[in-house]
Amino acid sequence: MSKGLKFSPLLIGLVVCVALVVYLYLPKETEEKSQTEFAASVVTHVVKKEEFEILVEALGTATANESVMITAQTSDVIQKLHFEDSDFVKKGQLLVELNNKVEKARIAELDVSLKEAERQLKRISDLAKNNVASEQLLDEQEAKVKTLTAQYVVSETQLKELQIRAPFDGLLGVREVSIGAYVEPGDTITTLDDLSTIKVDFDVAEVHLSSIAIGQNIRSTSIAYADETFEGKIASIGSRIDSSTRSVKVRAVIDNKDLKLRPGMLLQILLQKQVLNTLVLPESALVPVEDKQFVFKVEDNKVSKVEVEVGSRKPGIVEITKGLKAGDVVVTEGTLKLRDGSSIKAVNSSEA
C-alpha cells in the first residue's frame, strides 16, 4: 500500500460532484460580499452651479489718513512737555512749550503801553472834538496806537511759535526729546497719525482697468489678523498707466475706528471683478495627468475617468467649464487608489 496509493474512479467522481454542487448553490449574498470587499471607500461630491467670484488680487502698504512729524519752528530750549507716548490728542491741543520768558515779558510790556496809548488817544480825541487838541496830535496818537498794536500781534505770533500744538486729532508716537533739550527747526519731537481711516495704495494690471471704479468695495487682510477681513472702498484711480509695469495706481480707504490697522502694514487687497453662476468643484477632485485635468465620475458604484477643462481657481475650489454637468457625482477623496472602471463605496466625510 505504501508503494502506490490507488483511488477508485467512483471516489474521484464523487469528489467532483460535491465540488460542483457547492459552486452552483453558493449563497448569492456570500458572493456579493466577496465582491464588495474589493470596492474602494471614497468621498463623493455632487456637481452643481454656484456663485463663483472672480477676484483681482493686489498687495498694498497701509498709510495713515493724515501723518506728520512734530517739529519746532524755531530754535530754543524745551520748557514744558504736555504729552506722553501714544497719547490720543485733539486738534489744537498744546504739546510742547519752548522757552518763552522773553516773549511773555515783551507782551506784558506792550499790553501796558498799548492800553496807555489807547487811553491817551481817547483823551486827545475828546479834546479834538472841542477844538482844544490839533488834528496833527490826534493823527500822531492814532499812529502810535497802530504801531503798538502791530508790535503786540508780532509778539503774540512769536509766542505761538514757541508753543507746539497738534494740527489734527490723532495718535502720538514715541517722545524723542526731554525737558531742557535744545531743539532746532526740523528736529523730530514725536509723530502724529490720524488712524481713524487707513489709506492703502496698490497697483492693478492694465487688463483689469475696466473692472474698477471709484466707490467700488474692496476687502483686505493682514497677517497680523489672519481670521479678520477689513472692508473699504476705492477712493481714487490714477490718471496714468505706468508704461514700465503696465499697471494703474489705485487708492482705497478703510474704516479703522478700532485702530487695529497701523501705517506700514502689508495688506492683501481683493477686488471683486465678476460673479459667475457656474459649475464649481473642490480642487481635491482633480487628477492632473501631464497638462490635462481629469476627475473620477461615479455611475452605479463604478468610476470612469473623465477629462475636464478648468476655468478660474480660488483656494480649495475650481471652476469647471467643460466635461461635467450639474448633478454629476465625482470623487473628491480617495482618487489615488482608483482606476478607470474601479468599484467604489461612497462614504461621508465623517466616515472617511
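Preceding this section is the structure that the text describes.
Let me sum up the structure you'll find in this document. (Residues numbered from 1 in each chain as written. Predicted model: local features only at pLDDT ≥ 70, side-chain atom pairs only at ≥ 80, totals over all residues. Heavy atoms only, no water.)

## Regarding the nonpolar core
The condition is simple: Throughout this description, the term nonpolar core refers to a set of buried Ala, Val, Leu, Ile, Met, Phe, Trp, Tyr and Cys residues connected via side-chain atoms within 4.5 Å. We call a residue buried when its accessible area falls under 20% of the maximum for its residue type, exposed when it is over 50%, and partly exposed in between, using a 1.4 Å probe and counting protein chains only. Helix and strand assignments follow DSSP, with helices taken as H or I runs no shorter than four residues and strands as E runs no shorter than two, numbered in order from the N terminus. Two residues form a contact once any of their heavy atoms are found within 4.5 Å.
Formed by 23 residues in total, the largest nonpolar core has its most connected members in Phe202, Val204, Leu267 and Leu271. Mapped onto this core, the elements with two or more residues apiece are strand 2 (48–71), strand 9 (188–205), strand 11 (225–242), strand 12 (247–255) and strand 13 (266–282). Among the elements that make up this core, the one with the highest residue count is strand 9 (5 residues). With residues near it in sequence (within four places) discarded, Val204 still touches Val56, Ile212, Ser247, Val248, Val250 and Leu271. Listed in part, the 18 residues of the second largest apolar core include Val89, Leu98, Leu162 and Val183.

## Here's the deal with the sheet that holds strand 8 (residues 182–183)
As a reminder of what qualifies: Strand pairing is assigned whenever DSSP detects at least two bridges linking the two strands.
Taken in spatial order, the 4 strands make up an open sheet running 6-5-3-8, and their pairing is antiparallel. One side of each edge strand has no neighbouring strand; the edge strands of this open sheet are strand 6 (163–165) and strand 8. As paired strands, strand 3 (residues 76–81) and strand 8 are joined by 2 bridges and run antiparallel to one another. Bridge pairing links Asp76 to Val183 in strand 8.

## Things to note about the environment of Ser86
Turning to its location among the elements, Ser86 is positioned in the loop between strand 3 and strand 4 (88–89). Among the residues examined, Ser86 registers a relative accessible area of 49% and is labelled partly exposed. Distance in space between the C-alpha atoms of Ser86 and Gly170 is 9.6 Å, their sequence separation being 84 residues. The residues touching Ser86, leaving out its near neighbours within four places in the chain, are Leu171, Leu172 and Gly173.

## Focus: the packing of aromatic side chains
Put simply, the rule is: Note on aromatic contacts: the rings of Phe and Tyr and the six-membered ring of Trp form a pair at centre separations within 6.5 Å, being stacked when their planes are under 30 degrees apart, edge-to-face when over 60 apart, and tilted otherwise. Here, a charge over a ring is recorded when the distance from Lys NZ or Arg CZ to the ring centre is within 6 Å and its angle to the ring normal is within 35 degrees.
Applying the stated criterion across every chain, the model contains 1 aromatic pair. Arranged with centres 5.9 Å apart and planes meeting at 75 degrees, the rings of Tyr225 and Phe230 form a pair that is edge-to-face. Here Lys305 stacks its cationic end above the ring of Phe294, 5.2 Å away from the centre of that ring. One Lys or Arg, Lys314, reaches over the ring of Phe52 and ends 5.2 Å from the middle of that ring.

## A closer look at the layout of surface pockets
For the record, the criterion: Put plainly, a pocket is an open set of points on a 1 Å grid over the protein atoms alone with protein on both sides within 12 Å along at least five of seven lines, a cavity is a set where a 1.4 Å probe fits but cannot get out, and a lining residue has an atom within 4 Å of a point. Grid points are joined across faces, edges and corners, and a volume is the space filled by probe spheres set on the points. For this classification, Asp, Glu, Lys and Arg are treated as charged, while Ala, Val, Leu, Ile, Met, Phe, Trp, Tyr, Cys and Pro are nonpolar and the rest, including Gly, are polar.
Of the pockets and cavities examined, the largest pocket occupies roughly 200 Å³. What lines the largest pocket is Glu53, Ile54, Leu55, Glu57, Arg219, Thr221, Gln268, Leu270, Ser312, Arg313, Lys314 and Pro315. Take the lining of the largest pocket: its biggest share by element is 4 residues, from strand 2. Here the lining of the largest pocket is built from residues that sort into 4 nonpolar, 3 polar and 5 charged.

## What to know about the pattern of salt bridges
Test applied: A pair is scored as a salt bridge if a Lys or Arg side-chain nitrogen falls within 4 Å of a carboxyl oxygen belonging to Asp or Glu.
Summed over all chains, the structure comprises 9 salt bridges. Between Glu109 and Arg106 there is a salt bridge, with the nearest N and O atoms lying 3.5 Å from each other. One end of the pair is Glu109 and the other is Arg106, both in helix 3 (residues 101–129) and 3 residues apart, which spans about a single turn. A salt bridge links Asp201 to Arg251; the shortest N-O distance between them is 2.7 Å. With Asp201 in strand 9 and Arg251 in strand 12, the pair connects residues that are 50 residues apart, well separated along the chain. Of the residues examined, Asp201 reaches a relative accessible area of 25% and is grouped as partly exposed. Judged by its relative accessible area of 32%, Arg251 is partly exposed.

Read these as layout, nothing more, since geometry by itself doesn't imply function.
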